[in-house]
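# Examination of the molecular architecture
These are the residues of each chain, in order.
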Amino acid sequence: MELLDTYTGHVDPEGPAARRDLDAVSITKVSVGPMDNNAYLLVDRATGATLLIDAANEADRLLDTVDTVADRGNTKTIVTTHQHWDHVQALEAMTKELSPTTYAHELDAPDLPVAPDHTVGDDDEVRFGESFVEVIHLDGHTPGSIALLYRDPNGTAHLFTGDSLFPGGHGKTATIDHHNALMDDLERKVFDRLDDETWVYPGHGDDTTLGAERPSLPEWRTRGW
């Protein structure tokens, strides 16, 4: 896998992966599958322990990325952000190859191709080596959608949002009630708690920051989708 060490938040389908190095963790982003799904590898630099966020598609491409930035023997944690098919198509293959411990929210767990070893929700943590991410449940895109928050001890926060938050709006919702639920959770659990410098890594497309999106919250609330 070709790897870019200059991280902009943009990766192309079939293109190189991109890595950013923080003090304690490295974050690698790669696009997989026909829907330009983002998968993320977080590597604890002290131990090499590696967490994969969303085994979305193209298991061979994901494994190639693992081999480039980490070690298969240390890639023992997979978290699924939500149940939608485009985010889980490589989950079974990656589970067979890596024998990881798998995590998802209990409300989405029954619809996954591999039952998670652990279900998680608000205030839970998923550890990898000496590092961990915090789980934030965001109801609306799916009942059990979650975001994962890594707080850099020496820098800004890093939030992996699945399909719950993108540049320009929240993820698709099926009803106005789902829209309101997702907006409520985003405002209360994300925007009210985290500062503008928080970097956002979505399930598709380019990254953003909470500061770039915050002024648009009233518009998102009004437009109703």
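Residues numbered from 1 in each chain as written. Predicted model: local features only at pLDDT ≥ 70, side-chain atom pairs only at ≥ 80, totals over all residues. Heavy atoms only, no water.

- Per an unreviewed UniProt entry, the recorded name for the chain is MBL fold metallo-hydrolase, and the organism is Actinomycetospora aurantiaca.

### Describing helix α3 (residues 176-191)
- What α3 keeps buried is the set His-179, Leu-182, Met-183, Asp-185, Leu-186, Lys-189, Val-190 and Phe-191.
- Of the surrounding secondary structure, the elements contacted by the buried residues of α3 are β10 (131-137), β12 (157-162), β13 (165-166), β14 (169-170), α4 (210-213) and α5 (217-223). (Buried < 20%, exposed > 50% of the residue type's maximum accessible area, 1.4 Å probe, protein only. Helix = DSSP H or I, 4+ residues; strand = E, 2+ residues; numbered from the N terminus. Contact = heavy atoms within 4.5 Å.)

### Observations regarding the side chain of Ser-145
- As for its placement among the helices and strands, Ser-145 is situated in the loop between β10 and β11 (146-151).
- Polar contacts involving the side chain of Ser-145 include one to the side chain of Thr-142, which spans 2.7 Å.
- Once residues lying within four places of it in the same chain are set aside, the contact partners of Ser-145 are Thr-81, His-82, Asp-108, Ile-136, His-137, Leu-138 and Ser-164. (Polar contact = N/O pair within 3.5 Å; in protein donor to acceptor, adjacent residues only side chain to side chain.)

### Overview of the pattern of salt bridges
- In the structure shown here, the tally under the stated rule is 15 salt bridges.
- For Arg-188, the salt bridge identified is with Asp-185, shortest N-O distance 3.3 Å. Taken together, the positions of Arg-188 and Asp-185, both in helix α3 and three residues apart, correspond to about one turn of that helix.
- Salt bridges sharing partners connect three or more residues here, namely Asp-122, Asp-185, Arg-188 and Lys-189. (Salt bridge = Lys/Arg side-chain N within 4 Å of Asp/Glu carboxyl O.)

### Overview of the environment of Asp-184
- Mapped onto the fold, Asp-184 is located in helix α3.
- When its relative accessible area of 39% is taken as the criterion, Asp-184 is described as partly exposed.
- Distance in space between the C-alpha atoms of Asp-184 and Glu-106 is 20 Å, their sequence separation being 78 residues.

### Topic: the layout of surface pockets
- Of the volumes computed, that of the largest pocket is approximately 160 Å³.
- For the lining of the largest pocket, the elements supplying multiple residues, two or more each, are β10 and β11.
- Ranked by residues supplied to the lining of the largest pocket, first place goes to β10 with three residues.
- The residue inventory of the lining of the largest pocket, partitioned by class, reads four nonpolar, no polar and eight charged. (1 Å grid on protein atoms, 1.4 Å probe; cavity = no way out; pocket = protein on both sides within 12 Å on 5 of 7 lines; lining within 4 Å. Points joined across faces, edges and corners; volume = space filled by probe spheres on them. Nonpolar A, V, L, I, M, F, W, Y, C, P; charged D, E, K, R; others polar.)

### A closer look at the sheet that holds strand β16 (residues 208-209)
- Pairing is mixed in the open sheet, where six strands are placed in the order β9-β10-β11-β12-β15-β16. On the outer flanks of this sheet lie β9 (125-128) and β16, each paired with one strand and no other.
- Looking at chain direction, β10 and β11 are connected through four bridges and run antiparallel. Its bridge partner lying in β11, Val-135 is registered against Leu-148. (Pairing = 2+ DSSP bridges.)

### Looking at the pairing of strand β4 (residues 37-44)
- Across the eight residues that make up β4, a large majority, eight, are buried.
- Both faces of β4 are covered, namely the face carrying Asn-37, Ala-39, Leu-41 and Val-43 and the face carrying Asn-38, Tyr-40, Leu-42 and Asp-44.
- With eight bridges joining them, strand β3 (residues 25-32) and β4 adopt antiparallel strand pairing. Residue Ser-26 lies in a different strand from β4, and its bridge partner there is Val-43.
- Pairing analysis gives four bridges linking β4 to strand β5 (residues 50-53), with the strands arranged antiparallel. Along β5, the bridge assignment pairs Tyr-40 with Ile-53.
- Counted along the chain from β4 to the antiparallel partner β5, the turn is five residues long, and its residue Gly-48 has a positive phi close to 85°.

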